Amino acid sequence: MDKNGQGTGLTDAQREALDALRGARRVVLTGHERPDGDCIGAQAALSRVLTALGKHVRILNPDPPEGQFDYLSRECDYGVDDGGALPEHDLVVLLDCSELSRTGALANRFAEADSLKLVVDHHVLPPEAWWDAAFHDVSAAATGLLVYRIAGALGVALDEVAARGVFTSLVTDTGWFKYSNTDAESFRVAGELVESGVHPADLFATIYQRRSEDHPRLVGRVLDRLHYHADGRLALVDLPLAADGRAMDLETDDVLDLLRSVETVEVVLLVREIEKGICKLSARSKTDYNVNELARGFGGGGHVKASGATIRGQREDVCARVVAAGVAGFDNSRSGKPSTSERQG
Ligand SMILES: [Mn+2]
């Protein structure tokens, strides 16, 4: 058996996670706030797999999926927390994150529920295991790939919706196969999914080419707020609240991608004010620079090359703090050359 759980081998911990799934009758799938394509794609796939095994499955998230993923939300019932009692369940599966606090207001109710807790995730795990079982592999390009492995291990063939879910996970977390987490498994599984009927070009157009006429102008306004630090090695953009006091609604991947395209830039920081006194940091690295460490310094985390945090404070102060920490990080890292060994998304 491969201790790392790579290839076809499973770790003992992963086998225990499969047992938890086999033994469950009523399952609630949940995930992080503002669920991304990987989170909801993995949920779509796992809900179909478990339903095929005769289990009763509910998805319950802190927030609804983005409209760009409506081809999944038409097929799956993505329940959104209304503050009420949890559905009856004997197993909770937390996907694409590993801390209950990431489920927002649901966290307390899940913690109090007398149910088994399972984590399915590819992020760096917190030091203390609070879960009963975890299907975890930090080398997996997406959580959806872990669900693909789970389906294989449980002997369930992916149906059309599950296949589209895994494909969605894969392409959103690898930046359509261009980030450094893209590996042979990503292409192998993508190839299988395409053979089974997934249409990549149609999905690309559906996810990325239905934006509003305002979108390019909004990106333009945001890019006007770009500042470089550390001789151009660090780029910062900040998004203040919109005029109506609400958080600016912007698909930030475009902005992050564009800033990373600058030759001198190694680290990109995006600070989005989500309400007065609360900001969200998105941090990306294209070298060995570890933005997971940077985000952890602000109570967040994620991957070595893509992390985030929620930070209290006025936007200007938050920007100054993250830039100071970001610049200081250059002294502690071996950054300089693009690395091929770390992950994204
Ligand atoms: Mn992910």
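Bear in mind that the values here come from a model prediction, so they are computed numbers and not experimental data.

A.B. asks: Looking at this model, I keep getting lost on helix H10 (residues 253-260). Mind explaining?
C.D. replies: Residues lying three or four places apart along an α-helix face the same way, a consequence of the helix completing one turn every 3.6 residues. Among the residues of H10, those classed as buried are Val255, Leu256, Leu259 and Arg260. End-on view of H10: buried residues confined to an arc of 130 degrees, all on one side of the axis. If you follow the buried residues of H10, they end up packed against helix H9 (215-223), strand E8 (234-239), strand E9 (267-275) and strand E10 (278-285).

A.B. asks: What should I look at first to understand the packing of aromatic side chains in this one?
C.D. replies: Aromatic ring pairs are defined here through the distance separating the ring centres and the angle between the ring planes. By the definition in use, this model includes eight aromatic pairs. Measuring from ring centre to ring centre gives 5.0 Å for Trp176 and Phe204, while their planes differ by 85 degrees; the resulting arrangement is edge-to-face. Separated by 28 residues along the polypeptide, Trp176 in the loop between helix H6 (160-173) and helix H7 (184-195) and Phe204 in helix H8 (residues 200-208) bring together distant segments of the chain. Accessibility expressed as a relative area gives 23% for Trp176, which makes it partly exposed. The partly exposed category is assigned to Phe204, whose relative accessible area is 30%. The positively charged end of Arg233 is found above the aromatic ring belonging to Phe330, 4.2 Å away from the centroid.

A.B. asks: When you look at the coordination of the manganese ion in this model, what are you seeing that I'm missing?
C.D. replies: Put simply, the ideal angle at a metal is 109.5 degrees for four donors in tetrahedral geometry and 90 or 180 degrees for six donors in octahedral geometry. Looking at the manganese ion, one finds its protein donor set to be Asp38 (OD), Asp96 (OD), His122 (NE2) and Asp173 (OD), positioned 2.1 to 2.3 Å from the metal centre. Between consecutive donor residues of the manganese ion, the sequence gaps follow D-x57-D-x25-H-x50-D. Taken together, the positions of Asp96 in the loop between strand E4 (91-95) and helix H4 (106-112) and Asp173 in helix H6 put the pair 77 residues apart, joining distant regions of the chain. Look at Asp173 and you get buried, because its relative accessible area is 2%.

Cut-off values and rules
Residues numbered from 1 in each chain as written. Predicted model: local features only at pLDDT ≥ 70, side-chain atom pairs only at ≥ 80, totals over all residues. Heavy atoms only, no water. Buried < 20%, exposed > 50% of the residue type's maximum accessible area, 1.4 Å probe, protein only. Helix = DSSP H or I, 4+ residues; strand = E, 2+ residues; numbered from the N terminus. Arc of directions from axis to C-beta. Contact = heavy atoms within 4.5 Å. Phe/Tyr/Trp six-rings, centres within 6.5 Å; stacked < 30°, edge-to-face > 60°. Lys NZ or Arg CZ within 6 Å of the ring centre and 35° of its normal. Donors = N, O, S within 2.8 Å, 3.2 Å for Na, K, Ca; no water.

Shape is all these values report; function is a separate question.
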